[in-house]
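The chain contents come next:
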Amino acid sequence: MRRISVFGATGSIGESTFDLMMRAGGPEAFHTVALTGGRNVTRLAEMARALRAGVAVTAHDDCLPALRDALDGSGITAAAGPEALLEAADRPADWVMSAIVGAAGLAPGFRALRHGTTLALANKESLVTAGPLLMAEAARHGARILPVDSEHSAIFQALVGEDLAAVERIVLTASGGALRDWPLDKLAKATVAEALAHPNWSMGPRITIDSASMFNKALEVIETREYFGVAPEQIEVIIHPESIIHSMVGYRDGAIMAHLGAADMRHAIGYALNWPERGELPVARLDFAALGRLSFRAPDEARYPALRLAREVMAVRGQAGAAFNAAKEIALDHFIGGGVGFADMAGIVEDTLAALSRETGLGNAPMSLQEVLAADLRARALATGIASDLAARRAG
């Protein structure tokens, strides 16, 4: 049996991974090495029991007593905190799902690669903040990284059997999020609840809001450059409201290969789980007559300034990706907390990048994971100050 670990098991990607594992036979088909989660320790314990995991880890130290109680009598080890996450990543596994949201997923993914494992990467921040380091670490240990973002899985599949040198363009599709049809002058007043009302996808709250602001797509643009090694000018974004085409690859002879499927993350997760084979997946099959049509429109960067910022980050590289992601996470925290408005988030990120550029410069390529994390921390501090000042002005 394959040894499998799932980091971020209680999030939306983790739940879908658990669903596919249980449908495939659960503990009779897989040896589950480790499961990790956040504060939902009741669900984490349920999953660990169902899969007979070796260890269950909560990221929060204060949740450890509750996790121990939930696992009492199971024989499953309970642990908590950042060090416990790294220790879980140190347990050898053949396949690891990296689905912790945000920069918190970076270090466990790096640690897992040391064992030459296959890393199913749903944590896009890993490539955005430390793409060259992550890819080099995988090569150093003979490990493989498989993309789990629906867009990057689609690109990966469209490239099977093809020469990357023949690629002319890569087109990332975007739903446009919950606010895509709002008048531009109303965006500033959008509430958290309104940004969470995604028309197509069922995702976690942070990713759903990032979809509405297009920060999620901005991260994916950078991720495309880092994973596939294409030039920034080869990467395009198109609004595709139906979310049926997940991405497209255009070749120098004019041909375009597109990956189509229902809006269900089990497509990409299942592809990575079964790779290099294709397994049967419990996803809806497309009825083209019922669909009727597929539509597209160009993204308006006045509505989605995150896309412009992503281009600027790719032009600078170095520590810019780490700073961009860190500032985005802080801006999102303040929007969710009610301190700043929806339209303020891009400005917080842009001001943070400008401040860090003046302070240290962003173009210096980080030579280690520690340098990436240091840039992340500094950007968070700057972004917190900028967001707090803005919130104070709004409140005053």
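Predicted model, so just to flag it, every value in this text is computed and none were measured.

Participant: Can you walk me through the overall build of the protein chain in this structure?
Facilitator: The number of helices and strands found in the protein chain is 16 helices and eleven strands. On C-alpha atoms alone, the protein chain measures out to a radius of gyration of 21 Å, which is about the 21 Å that the 2.2 N^0.38 rule sets for 396 residues. In terms of principal-axis extent, the alpha carbons of the protein chain reach across some 55 × 55 × 40 Å. A burial count over the protein chain gives 56% of its 396 residues as buried. A separation of at least 24 residues holds for 68% of the contacts in the protein chain among residues at least 6 apart in sequence. Where the 37 positive side-chain charges of the protein chain centre and where its 46 negative ones centre are 1 Å apart.

Participant: I would appreciate a short explanation of the pattern of salt bridges in the present structure.
Facilitator: Any two side chains of opposite charge can pair, given that their charged atoms come close. Throughout the structure, instances matching the rule amount to 25 salt bridges. The residue R43 makes a salt bridge to E15 at a minimum N-O spacing of 2.9 Å. Residue R43 is found in helix α2 (residues 41-51), and its partner E15 is found in helix α1 (residues 12-23); the two are separated by 28 residues along the sequence. A single network of salt bridges, built from pairs that share partners, joins D19, R23, D264 and R266.

Participant: Hey, could you run me through the UniProt feature "binding site: NADPH" (unreviewed entry) in the protein chain in this one?
Facilitator: In the UniProt entry, the feature "binding site: NADPH" (unreviewed entry) is given for T10, G11, S12, I13, G38, R39, N40, N123, E125 and G204. Note that G11 resides in the loop between β1 (2-7) and α1. On the basis of relative accessibility, which here comes to 31%, the residue G11 falls in the partly exposed class. Within the secondary structure, E125 is located in helix α6 (residues 125-140). Of the residues examined, E125 reaches a relative accessible area of 7% and is grouped as buried. If we skip the residues at most four places from it in the chain, E125 touches G102, A103, A130, L219, N325 and E329.

What counts and what doesn't
Residues numbered from 1 in each chain as written. Predicted model: local features only at pLDDT ≥ 70, side-chain atom pairs only at ≥ 80, totals over all residues. Heavy atoms only, no water. Helix = DSSP H or I, 4+ residues; strand = E, 2+ residues; numbered from the N terminus. Rg over C-alpha atoms; globule rule 2.2 N^0.38 Å. Buried < 20%, exposed > 50% of the residue type's maximum accessible area, 1.4 Å probe, protein only. Contact = heavy atoms within 4.5 Å. Lys, Arg positive; Asp, Glu negative; His and termini not counted. Charge placed at Lys NZ, Arg CZ, Asp CG, Glu CD. Salt bridge = Lys/Arg side-chain N within 4 Å of Asp/Glu carboxyl O. UniProt positions renumbered as here; feature names shortened; annotations may be inferred.

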